[in-house]
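Observations on the three-dimensional arrangement
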Amino acid sequence: MAAGFAWLGGMLVAIFAAIVLTTAIRRVIPGLEAALGLSMFVMGFALHMSGFFRGVGPWPVFIIVAVSHAVAGCAMWQRQKLHGP
């Protein structure tokens, strides 16, 4: 049970980090897709280099990066759609 809460908390932090990182990159690169791609690369590289997931393979990093950026991208796209550019 505690491991489930840890994963949920980690995902919420990863979603927040994805939104912040993508927003910061969008200041330089105006396209949402390009900013999300670069943000995914940077976050995946940072998680891989941190060594936190050493010995378990690449899948936990892939899942965290993919899910967090999917939620962040959807939220940012909806906000842009509602409020305009």
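Let us look at the structure shown here. (Residues numbered from 1 in each chain as written. Predicted model: local features only at pLDDT ≥ 70, side-chain atom pairs only at ≥ 80, totals over all residues. Heavy atoms only, no water.)

A short note on the overall build of the protein chain
Within the protein chain one finds 3 helices and 0 strands. Reported as C-alpha extents along the three principal axes, the dimensions of the protein chain are approximately 45 × 25 × 15 Å. The burial tally for the protein chain puts 26% of its 85 residues in the buried class. A separation of at least 24 residues holds for 57% of the contacts in the protein chain among residues at least 6 apart in sequence. Element-wise, carbon and sulfur atoms account for 76% of the exposed surface of the protein chain, whose accessible area totals about 6,000 Å². (Helix = DSSP H or I, 4+ residues; strand = E, 2+ residues; numbered from the N terminus. Buried < 20%, exposed > 50% of the residue type's maximum accessible area, 1.4 Å probe, protein only. Contact = heavy atoms within 4.5 Å. Areas by Shrake-Rupley, 256 points an atom, 1.4 Å probe, with all protein chains shown as cover.)

A short note on the packing of aromatic side chains
The final tally for this structure, using the stated rule, is 3 aromatic pairs. With 6.2 Å between their ring centres and 20° between their planes, F41 and F45 make a pair best called stacked. Residue F41 and its partner F45 are both found in helix 2 (residues 32–50); the two are separated by 4 residues, about one turn of the helix. With relative accessibility at 56%, the residue F41 sits in the exposed group. Aromatic side chains F52 and F53 sit 5.1 Å apart centroid to centroid with 85° between the ring planes, which places their arrangement in the edge-to-face category. We classify F53 as buried; its relative accessible area is 17%. (Phe/Tyr/Trp six-rings, centres within 6.5 Å; stacked < 30°, edge-to-face > 60°.)

Let's talk about helix 3 (residues 59–83)
Helical periodicity: at 3.6 residues per turn, an α-helix aligns residues three or four positions apart in one direction. The end-to-end C-alpha separation of helix 3 is 36 Å, in line with the 36 Å expected for 25 residues at 1.5 Å each. Every buried residue belonging to helix 3 is among P60, V61, I64, V65, S68, H69, A72, G73 and M76, and all of these are buried. As for helix 3, its buried residues are in contact with helix 1 (2–26) and helix 2. (Expected span 1.5 Å × (residues − 1).)

Some details on the side chain of H69
Positionally, H69 belongs in helix 3. Polar side-chain contacts of H69 include one of 3.5 Å to the backbone nitrogen of M40. Non-local contacts of H69, meaning those with residues more than four positions away in its chain, are made with A18, T22, L36, S39, M40 and M43. (Polar contact = N/O pair within 3.5 Å; in protein donor to acceptor, adjacent residues only side chain to side chain.)

Here we look at helix 2
In a regular helix each residue adds 1.5 Å, so 19 residues correspond to 27 Å; helix 2 covers 26 Å between its end C-alpha atoms and thus fits that length. L32, A35, L36, S39, M43 and G44 are the residues of helix 2 that are buried. Angularly, the buried residues of helix 2 cover 155° about the axis, an arc narrow enough to put them on a single face. Set apart from the buried face of helix 2 by more than 90 degrees, the exposed residues are F41, H48 and M49. Along its buried surface, helix 2 packs onto helix 1 and helix 3. Residue G51 follows helix 2 closely and has a positive phi angle near 80°. (Arc of directions from axis to C-beta.)

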